[in-house]
Amino acid sequence: MPRFMGFVRMEEGIGAPPQSLFEAMDVHIGERAAKGVFLDGGGLYGTEDAVNFVVDNGTVTRVDGPYAESKEIVGGWAIMQYDSLEEAVADQREFAELHAKHWPEVKVVATLRQISEGPDAPGA
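Here the structure is a predicted model, which means the values were calculated and not measured.

1. Let's talk about the overall build of the chain
Counting its regular elements, the chain contains 2 helices and 6 strands. Taken from the N to the C terminus, the helices and strands of the chain come in the order β-α-β-β-β-β-α-β. In terms of overall dimensions, the chain has a C-alpha envelope of 45 × 40 × 20 Å along the principal axes. Buried positions account for 27% of the 124 residues belonging to the chain. If you take every contact in the chain between residues at least 6 apart in sequence, the share linking residues at least 24 apart comes to 78%. Put simply, the chain shows about 8400 Å² of open surface, and 54% of that area lies on carbon and sulfur atoms. Side chains of the chain give 10 positive and 21 negative charges; the mean places of these two sets differ by 4 Å.

2. A few points about the nonpolar core
V8, M10, L21, A24, M25, F95, L98, W103 and V106 together form the largest nonpolar core, which totals 9 residues. Listed by contribution, the elements that provide at least two residues to this core are β1 (3–11), α1 (19–35) and α2 (85–102). Once residues lying within four places of it in the same chain are set aside, the contact partners of M10 are K71, E72, I73, W103, K107 and V108. F4, V37, F38 and A78 belong to the second largest nonpolar core, which has 7 residues in total.

3. Brief notes about the layout of surface pockets
The volume enclosed by the largest pocket comes to roughly 760 Å³. In terms of lining residues, the largest pocket is bounded by 37 residues, among which V8, M10, G43, G75 and G76 are the most central. Sorting the residues of the lining of the largest pocket by element identifies β1, α1, β2 (38–43), β5 (72–81) and α2 as the ones contributing at least two each. For the lining of the largest pocket, the leading source of residues is α1, giving 7 residues. Partitioning the lining of the largest pocket into residue classes produces 20 nonpolar, 12 polar and 5 charged.

4. Looking at the environment of P119
Along the chain, P119 turns up in the segment after β6 (108–114). Look at P119 and you get exposed, because its relative accessible area is 74%.

Procedures and definitions
Residues numbered from 1 in each chain as written. Predicted model: local features only at pLDDT ≥ 70, side-chain atom pairs only at ≥ 80, totals over all residues. Heavy atoms only, no water. Helix = DSSP H or I, 4+ residues; strand = E, 2+ residues; numbered from the N terminus. Buried < 20%, exposed > 50% of the residue type's maximum accessible area, 1.4 Å probe, protein only. Contact = heavy atoms within 4.5 Å. Areas by Shrake-Rupley, 256 points an atom, 1.4 Å probe, with all protein chains shown as cover. Lys, Arg positive; Asp, Glu negative; His and termini not counted. Charge placed at Lys NZ, Arg CZ, Asp CG, Glu CD. Core = buried A, V, L, I, M, F, W, Y, C linked by side-chain atoms within 4.5 Å. 1 Å grid on protein atoms, 1.4 Å probe; cavity = no way out; pocket = protein on both sides within 12 Å on 5 of 7 lines; lining within 4 Å. Points joined across faces, edges and corners; volume = space filled by probe spheres on them. Nonpolar A, V, L, I, M, F, W, Y, C, P; charged D, E, K, R; others polar.

Read these as geometric descriptors, not functional statements.
As structure tokens, then:
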């Protein structure tokens, strides 16, 4: 079964999502966890405590947050497993629609990417 990583990107500092989104997400994730589709996931803190290591021309530099140039951040992630790409895409759309319904005033980008299973996998 192929595994996928889903994540949401949004503008930082826009405030907390409404309670209705949290409640809808609990139901959505709970149903998928019961079916064995949702394997792991969660929300992320803001970039104020983030740490990046930048590799540039063989030199490693630590860069701590916050990042003034950052407009959009990853706010949450999930690892999921589906029987097919089509099923994964349909479910990711349903996930995005929860945000549209419960937090319509915010722009959220819900991304889905298949997890590579080795060096011979597509995209490697």
